[in-house]
Amino acid sequence: MSDSKISSSAASENTVSGASIMLQEVTKTYPGQKKSAVGGLTLEIPAGSIVMFVGPSGCGKTTTLKMINRLIEPTSGQIVINGEDVTTMNGDELRRRIGYVIQAGGLFPHMTVASNIAMVPKMLGWDKAKINARVDELLELVSLDPELYRDRFPKELSGGQQQRVGVARALAADPPVLLMDEPFGAVDPITRQRLQDELLNIQSEVQKTIVCVTHDFDEAVKLGDWIAIFNEGAQLEQYDSPERILANPASEFVENFIGSGAGLKQLTLTRVNEVDLVDAITTTPGKRASDVLSQLQGSGRKIAVVLDSRGRPLRRMDRRQLSRAEIIEGTYDPDLPVVGEQATLNDALDTMLVASAEYALVTGRRDVFTGIITVQTVMEAIAAANSSMDDHHEAPVGLNSGAINVVDIESEPAESGGEPA
Amino acid sequence: MSKETKGLIYQLVAIAAAFAALVIWLVTADLTDTERQTLDPGTIWKYTQEHLQITLVSAVIVLLIAIPLGILLTRPSLRKAAPAVRAVANFGQAAPAIGVIVLLAFWLGFGPKTAVVSLVIYAILPVLSNTIVGLQQVDERLVEAGRGIGMSQMAVLFKVELPLAVPVMLSGIRTALVLLVGTATLATFINGGGLGILITTGVNLNLNVVLIAGSLMVALLALTVDWIGRLVEQLARPKGLS
C-alpha cells in the first residue's frame, strides 16, 4: 500500500517540500545512568514521508524525537537535515525551522488562536500583513473557519480543535520537517480518527517530512509510510513499511507488539481513496425536491447528498424524504456517516456500523464531498488486498551501532544498550 | 457583572462608609484639647504620608528582591536551592515583627531606614513563595512547547511563564502590601514615623479617641491597599484564563 501512497503523492501536483533527516550514531546518556536512553542509533528518514516511532513507554522513542530538534542534546552522534549537519548550530534557530506538535496542541492559554499560530513567524520577523494572511490560510488548512476561530482563546476550543491549531502553529513558517509527540493521545477515539484523516489530507497538500511518536500501533499503521519499532534504549527492532512489518515481524518482540489480529490489521492498510467510490446524486439547499427525486429515480440510486456552498456534505435524503419535502433544506445532520478519503477501510466500516448504514459519504481535502463508499466496496477491497502483496520497496536505513542489527527478517534483536524503563 | 467585580464594589463602598463614619465621629465627638491637637487633619495627613512612604519603599524593595530571586530559584540550574532560600525567608516572617524591628534598630540605628529594612525582611516571603509557586504551576509542557517551536529560554520566561504566573504572583504581592501597611505601624517604636504614633500616643497618654482613630486609620489604609491590589489583579489577569 505504500506503493500506491507513494505513487499517488508523486502524481499529485504538489512537490515534496520535506527534508530528509539522518541520525548518525546518535547516543543519549543521562548523567548518573549507566545505560544509554538512546544507544548509537543510525536512522534515515526519507524526505516527504511519515515515519512513526513506536515502542513501549520508556524505550527512548520520545528522546530520539526530541534529539532531532535538539530539545534534548545528544551525547554523541550527528543529526543531518537535508545534508546539513545541525548538531552544533543554535538550537533555537534550528527549532524555528522544525514544526513541533505535542499532545493537546500545547497551545499557550493566554494567547488567542491567531497569536499562537503567529509565534514562529513573529520570531522570524515577518511583517504583520503576511502573518495575518498566513494565519488565515493555516486555519483554512486545518478546517477551522478563520472568522470564527481567529480570536478565540484555547479554552474556548474542543480538544480536537486545539490539536488542529497545534498543527497549524507547527506549520506556520512552512518548515520542511514536522515532529509530533503523541499528538492524538488526549482526544476521544472518534476525534482521533478524524484528526488522523485530516493529518493525512494536510500531508497530501504539504508533503512534509513528518516524524511522529505514538504508543498506538494501529495509529502507526494508519499514518506511517515507515514504522520504526523500538525496544529499550531505542534499540531498533524493525524499521520497515507497515505492510511488511505486519506480514513479516522481525522478532518476537515485534510480534508481541503488533498483538493479535494482525490479519484484521490489514484492513487498516487500505485507504478509502484507494478503492473505487460510487458517484452520488448531489444537490444544494433551495433546489426543488421533486427534481432531485426524478434525477434519483432516473439513476437508480437510493440517496441524494445535500452539499453546502463549499461542496461539504450537509445531509442525505432518501426517496421517501424527497417525496415528502418540497424544497431541499440546508440543515446539517450530525449523524451523517462521513469518512475522510484518507481514512482506512477499518474506519469506514466502523463509521457505517455506528450509523447503521451500508454506505458512508467520503470527503476529501477541506471536507469536500467526493463520493460514496459502500459495504460491498470494502469487501471487494479486502479480497483484493489479501491477494496482492508488494515487496519491492527498499526500506530506509536504520540500525544501532555495536550490533549488526540491520533491519533483516531473520536477525534477532541485539542485547546491547538496554535500559530499565 | 462578575462575582469579583461585585466584591470590589462592595469593598470600596464599605471602606468609604467606614471612613465617613470615622470622620463624622471625630467631628462631632467631644474632644479634649490634647486630643484635638493630636488629631489635627494636617498632622494625620502627614503621618499617613509617612506611613505610605515607608510601605511603598519597602514594597518596591521587596519586589526588586523577591521577584528576580523567585525567577532564579525556578530555573533548572538553581531549582535545588529553592527550599533552602524559602526556609530563610520563612524565618524572616516567623520572627515577631516587633522583635526584628527593635533588634535591627540597635544594630543599624533608629529611624525610617531601619524600619524599611525590617519591613522588607518581614514581607519578602509571600512575594517570593508566590513567585516560585506561580512559576512552578505553569504546565511543564507549555514550556516545552515554547522551546520546541524555537523560543529562547528568555522568551519562554517572559512570554509564557511570567504571564501565566501573574495571577498567583499578584496575590502574593497584595498579601505583602497588606502585611506592610499593618506592620509599618511598628516603625514608630524606632522613630520611623507613620500612623503608629497615634496608637502609641493614645496608649501612653491614655487618650482612647486617638488610639481608636489611629487603629482605624491603619485598618482602612490596609483595606484600601488590599482593594487596589484586587483591582490590579483583576485587570492584569491574562485573558483566556478563567
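Predicted model, so just to flag it, every value in this text is computed and none were measured. (Residues numbered from 1 in each chain as written. Chains lettered and ligands numbered in written order. Predicted model: local features only at pLDDT ≥ 70, side-chain atom pairs only at ≥ 80, totals over all residues. Heavy atoms only, no water.)

### Describing the interface of chain A and chain B
Every contact between the two is made by 23 residues of chain A and, on the other side, 20 residues of chain B. When chain A packs against chain B, close to 1,900 Å² is buried across both sides, 65% of that on carbon and sulfur atoms. Linking chain A with chain B are two salt bridges, by the criterion used here. A salt bridge links D92(A) to R147(B), with the shortest nitrogen-to-oxygen separation between them at 3.0 Å. Linking chain A to chain B there are six residue pairs in polar contact (both at pLDDT 80 or more). Put simply, the parts of the chain that give the side of chain A that touches chain B at least two residues each are helix 3 (91–96), strand 6 (98–102) and helix 4 (113–123) of chain A. Classifying every residue of the side of chain A that touches chain B gives 13 nonpolar, four polar and six charged. (Contact = heavy atoms within 4.5 Å. Buried area = accessible area lost by both parts, 1.4 Å probe. Salt bridge = Lys/Arg side-chain N within 4 Å of Asp/Glu carboxyl O. Polar contact = N/O pair within 3.5 Å; in protein donor to acceptor, adjacent residues only side chain to side chain. Helix = DSSP H or I, 4+ residues; strand = E, 2+ residues; numbered from the N terminus. Nonpolar A, V, L, I, M, F, W, Y, C, P; charged D, E, K, R; others polar.)

### Re helix 3 (residues 41–72) of chain B
All names here are of chain B. Taking 1.5 Å of rise per residue, 32 residues should cover 46 Å, and helix 3 covers 46 Å from first to last C-alpha, within 8% of that figure. Taken as a whole, helix 3 has its buried residues at I44, Y47, T48, H51, I54, T55, S58, A59, V62, A66, G70 and I71. Elements in contact with the buried residues of helix 3: helix 2 (33–38), helix 6 (112–136), helix 8 (153–183), helix 9 (196–204) and helix 10 (208–236). (Expected span 1.5 Å × (residues − 1). Buried < 20%, exposed > 50% of the residue type's maximum accessible area, 1.4 Å probe, protein only.)

### Let's talk about the UniProt feature "domain: ABC transporter" (unreviewed entry) in chain A
Per the UniProt annotation, the sites labelled "domain: ABC transporter" (unreviewed entry) are residues 21–258 of chain A. Overall, residues 21–258 of chain A shows 39% helix and 24% strand. The separation of its end C-alpha atoms is 26 Å. (UniProt positions renumbered as here; feature names shortened; annotations may be inferred.)

### Some points on the environment of A304(A)
All names here are of chain A. As for its position among the elements, A304 is in strand 12 (residues 303–307). Note: C-alpha distance between A304 and L322 (18 residues apart in sequence) is 8.7 Å. Dropping the residues within four chain positions of it, A304 is found in contact with I281, V292, L296, R315, R316, M317 and L322.

### Description of the domain arrangement of chain A
Where interface size is given, it is often the accessible area lost as the parts come together that is meant. Residue and element names in this part refer to chain A. Each domain of chain A was delimited in the assignment, giving domain 1 (17–261) and domain 2 (273–386). Placing the centre of domain 1 and that of domain 2 at their C-alpha centroids yields a distance of 33 Å. It is Q193, N201 and E205 in domain 1 that bury the most area against domain 2; as a group they hold 41% of the surface buried on that side. Inspection of the region where domain 1 meets domain 2 yields two salt bridges. For E140, the salt bridge identified is with R310, shortest N-O distance 3.1 Å. Where domain 1 packs against domain 2, one counts three residue pairs in polar contact (both at pLDDT 80 or more). Examining the composition of the side of domain 1 that touches domain 2, we find that six residues originate from one element, helix 8 (residues 189–206), more than from any other. Grouping the constituent residues of the side of domain 1 that touches domain 2 by class yields two nonpolar, four polar and four charged. (Domains from an automatic or database assignment.)

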